[in-house]
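# Architecture and fold: a report
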Amino acid sequence: MVKTAILGYGTVGSGVYEVLKKNKDVISGKLGEEIQVKYVLDLREFEGDPVQDVLVHDMNLILDDPEVQIVCETMGGEHPAYDFTKSALERGKSVCTSNKELVEKHGPELIKIAEKHQCSYLFEASVGGGIPIIRPLRTSLAQEEILSITGILNGTTNYILTKMETEGLAFDTVLARAQEKGYAEKNPDADILGYDACRKISILTSLAYGKKVDFQDITTEGITAITDIDFAYAKKMGATIKLFAKSVKKNGKYYAIVAPFMVKPENPLYAVKGVFNAILVNANMGGETMYYGKGAGKLATASAVVADVLDCARHIGKHLDIKWEDERLEISPIDGAVRKFFVRVSLTDEEQIKKVFGEVEMFTGVAKGECGFVTEEMTEAAYRERAAKFDNVLSMIRVD
Ligand code: HSE
């Protein structure tokens, strides 16, 4: 029997407890032995909940118990999760986590500590909730050179954009409804400004290339400026608008961005609706693979934590390596990234537009006193230089 402890009995922690209980037979059938939750650490009491039997308030009880070989860190936040994780790894206990913040900030250091103490630090649930993406990058795609990763990595914004598209509603209206239903946080900034997706693509890019990506190097734009008129243009173009978190390796340089993109139906990410997430990986030998599922939610996220627990249970006393050096991966300025741009301007003079932008595809008659157009491919720097020649640019959305 393998004994585990769960740190934090919130949404994900209670989900881990539930997955381990409900799927006890499935898990022991596949693993060949049982996984028992010996402790759940939380400051609160849970009267009437069976978890009360294993509830403890002192982390030292877990650290000092040699029977506990795997710890699930589902507390979230940096402290005390960092200290607890470090202490557990230093005692040779593997840690499986859903804590994206901790992974993004301290991943390489915690992996090194795990290596030194012959245990593992696994974090499948930290990106894309229940979607297997870390393990595929670490194992199935380890032989590949990753050319690009494009993700819809935030369920809240994908839900909002989907509702704006299907119901023709304004951003503020959909956000307010999403908050009422509990789909969006009371303070939704981390989601709608793109920061959550930015942390996630920074983790995936780090794993793809084995070096640390600083999330502050990633150009990040949220969805707050997207309007119902933008969606009317998207419809006319036969496209939709998605918040993409994207990293690309091109000519030996690395580019990364989080921003809304115009997406055509040919792109498999076009079909990802509502709170669902998906990640499209383009590799140099096998080509495209896509990973789709619930990017958040109690049982989906918990299931990914438990998958890591099983992996650790199969490798007790061994280190499952994840190549992620502390050395910084240099992300090139976004100025050099090449793509098409959809632009809205408050004028309708096609000649004037063509004089500045060259060949463009025009879209008229969507809203009064303006038009939209899609440029040819050009660098971000070239786009900005040209757009600066107009004082009537209403909005710009990158085209995938
Ligand atoms: N707030 C996130 C989302 C879930 O909406 O996808 C946790 O990462």
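Everything discussed here concerns the structure shown above.
Residues numbered from 1 in each chain as written. Predicted model: local features only at pLDDT ≥ 70, side-chain atom pairs only at ≥ 80, totals over all residues. Heavy atoms only, no water.

### Observations regarding unusual backbone geometry
Counted only if it meets this: Helix and strand definitions here come from DSSP, where helices need a minimum of 4 consecutive H or I residues and strands a minimum of 2 consecutive E residues; each element is numbered from the N-terminal end. Exposure classes here rest on a 1.4 Å probe applied to the protein chains alone. A residue is buried below 20% of its type maximum, exposed above 50%, and partly exposed in between.
Here the amide bond leading from His-79 into Pro-80 is cis, since omega sits at 10°, within 30 degrees of zero. Tracing the sequence through the fold places Pro-80 in the loop between β4 (68-73) and α4 (81-90). The residue Gln-118 is not glycine, and still its phi comes out positive at about 50°. For Gln-118, the position within the fold is in the loop between α5 (100-116) and β6 (121-122). Residue classification places Gln-118 among the partly exposed positions, given a relative accessible area of 41%. With a phi close to 50°, Asn-251 is a non-glycine residue in the positive phi region.

### Description of the sheet that holds β4
Just so we agree on the cut-off: When DSSP finds two or more bridges between two strands, those strands count as paired. Contact definition: two residues touch when any of their heavy atoms are within 4.5 Å. Helix axes are fitted only over the stretch in contact, all axes being lines through C-alpha atoms; the angle between N-to-C directions runs from 0 to 180 degrees.
The 6 strands are arranged β3-β2-β1-β4-β5-β6 in an open sheet whose pairing can be described as parallel. The sheet is open, and its two edges are formed by β3 (55-56) and β6, each paired on a single side. As paired strands, β4 and strand β5 (residues 94-97) are joined by 4 bridges and run parallel to one another. Opposite Val-71, over in β5, you have Val-95 as the bridge partner. In the packing of helix α12 (residues 298-314) onto the sheet, the strands contacted are β1 (2-7), β2 (35-41), β4, β5 and β6, and the crossing angle to β5 comes to about 160°.

### Concerning helix α8 (residues 171-180)
Note the threshold: Working note: the arc is built from the helix axis to C-beta atom directions.
If you check which residues of α8 are buried, you get Phe-171, Val-174, Leu-175 and Ala-178. All buried residues of α8 fall inside an arc of 100° around its axis, so they share one side. Seen from the open side of α8, the exposed residues pointing more than 90 degrees away from its buried face are Asp-172 and Glu-180. Here the buried face of α8 lies against α7 (155-167) and α9 (189-192). The positive-phi residue at the C-terminal boundary of α8 is Gly-182, with phi of around 80°.

### Here we look at the side chain of Asp-42
Along the chain, Asp-42 falls in the loop between β2 and β3. Among the residues examined, Asp-42 registers a relative accessible area of 9% and is labelled buried. Beyond its immediate chain neighbours, meaning those up to four positions away, Asp-42 contacts Gly-8, Tyr-9, Gly-10, Leu-55, Val-56 and His-57.

### Section: the state of the cysteines
Put plainly, two cysteines are in a disulfide when a covalent bond ties their sulfur atoms together. The line we're drawing: Only a pair of cysteine sulfur atoms within 2.5 Å qualifies as a disulfide here.
For the structure on display, the rule yields 0 disulfides. Distance from the sulfur of Cys-72, which forms no disulfide, to the nearest cysteine sulfur (Cys-96) is 5.4 Å. Summary of cysteine pairing: Cys-96 is not part of a disulfide, and the nearest cysteine sulfur, belonging to Cys-312, is at 3.7 Å.

### Observations regarding the pairing of strand β9 (residues 240-250)
Of all 11 residues in β9, 8 are buried; the element is thus mostly enclosed. Where strand β7 (residues 146-152) lies against β9, 4 bridges are found, and the strand directions are antiparallel. Bridging across to β9, Gly-151 finds its partner in Ala-245. Examined bridge by bridge, β9 and strand β10 (residues 253-263) share 11 bridges and lie antiparallel to one another. Bridge pairing links Lys-242 to Phe-261 in β10. Here β9 hands over to β10 after 2 residues, with Asn-251 in that stretch at a positive phi of 50°.

### Section: the packing of α5 against helix α10 (residues 195-209)
Short version of the rule: In these notes the angle categories are as follows: under 35 degrees is roughly parallel, over 145 is roughly antiparallel, 65 to 115 is roughly perpendicular, and the rest is oblique. Helix crossings are classified by the rotation of the near helix relative to the far one: an anticlockwise turn of less than a right angle makes the crossing left-handed, while a clockwise turn makes it right-handed.
Orientation of α5 relative to α10, taken along the N-to-C sense of each, is 45°, at an axis distance of 10 Å. Considered as vectors, α5 and α10 are oriented oblique to each other. Considering the relative orientation of α5 and α10, their crossing is left-handed. Residue-level contacts link Lys-100, Val-103 and Glu-104 of α5 to Asp-196, Arg-199, Lys-200, Ser-202 and Ile-203 of α10.

### Comments concerning the pattern of salt bridges
A side chain with one charge may pair with a side chain of the opposite charge, provided their charged atoms come close. As a reminder, the rule being used: The salt bridge criterion pairs a side-chain nitrogen of Lys or Arg with a carboxyl oxygen of Asp or Glu, the two atoms within 4 Å.
Going through the model one piece at a time under the given rule, you end up with 32 salt bridges. Glu-18 serves as the salt-bridge partner of Lys-22, at 2.9 Å between the closest nitrogen and oxygen. Of the two residues, Lys-22 and Glu-18 both sit in helix α1 (residues 11-22), 4 residues apart, roughly one turn of that helix. Among the residues examined, Lys-22 registers a relative accessible area of 66% and is labelled exposed.

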